[in-house]
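One-letter residues, chain by chain:
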Amino acid sequence: QFNSFLKKMGKDYEELIDAEIDIYGDLRCGLAHSYFVGKSCTIAMLNNPESNNNCGITCSNDSYKIIIEKLFKDFEKTFNKLTEPHETKTHPGNHGASTTSAGTGS
């Protein structure tokens, strides 16, 4: 589920997963269980708008760079998109009953 969510955060995150970089093991497990990233890591709090960072996580030469502001904004945007309520419509003939946009009754 971790990797699946990261892929939904955008093309650059998807490319990290597809490149078989162990973000789950190195970052998530490392930070959650031992408070340590499994590789060399640079952490920046703020995104420099002039640097054109498309991703809050990069990995090159066996070293991570995490930009907290960018990672959080991408996470928040994806979370909000996945948790927003589905559109409901009232159809004539349903006597006011609403159905979801997928067409199933509610």
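A closer look at the overall build of the protein
Here comes step 1: Helix and strand counts for the protein come out as four helices and five strands.
Here comes step 2: Traced from its N-terminal end to its C-terminal end, the protein shows the element sequence α-α-α-β-β-β-α-β-β.
Here comes step 3: The burial tally for the protein puts 21% of its 106 residues in the buried class.
Here comes step 4: Partitioning the contacts of the protein with sequence separation of at least 6, the portion at a separation of at least 24 is 35%.

Side note on helix H4 (residues 68–83)
Here comes step 1: With 16 residues, H4 extends 22 Å between its outermost C-alpha atoms, agreeing within 8% with the 22 Å of an ideal straight helix rising 1.5 Å per residue.
Here comes step 2: Buried residues of H4: Lys 70, Asp 74 and Thr 78, and no others. An end-on view of H4 places all buried positions within 55° of arc, on one side of the element.
Here comes step 3: Structurally, H4 contributes buried residues whose contacts are with helix H1 (2–8), helix H2 (11–18) and strand E3 (63–67).

Brief notes about the nonpolar core
Here comes step 1: Counting residues in each nonpolar core, the largest one holds 14 residues, and the members touching the most others are Leu 6, Tyr 13, Leu 16, Ile 23, Leu 27, Ile 57 and Tyr 64.
Here comes step 2: Those elements giving two or more residues to this core turn out to be H1, H2, helix H3 (23–34) and E3.
Here comes step 3: Residue contributions to this core peak at three residues, all from H2.
Here comes step 4: Those residues in contact with Ile 23, other than ones at most four positions away along the chain, are Phe 2, Leu 6, Leu 16, Ile 17, Arg 28, Ile 57 and Tyr 64.

Cut-offs and rules
Residues numbered from 1 in each chain as written. Predicted model: local features only at pLDDT ≥ 70, side-chain atom pairs only at ≥ 80, totals over all residues. Heavy atoms only, no water. Helix = DSSP H or I, 4+ residues; strand = E, 2+ residues; numbered from the N terminus. Buried < 20%, exposed > 50% of the residue type's maximum accessible area, 1.4 Å probe, protein only. Contact = heavy atoms within 4.5 Å. Expected span 1.5 Å × (residues − 1). Arc of directions from axis to C-beta. Core = buried A, V, L, I, M, F, W, Y, C linked by side-chain atoms within 4.5 Å.

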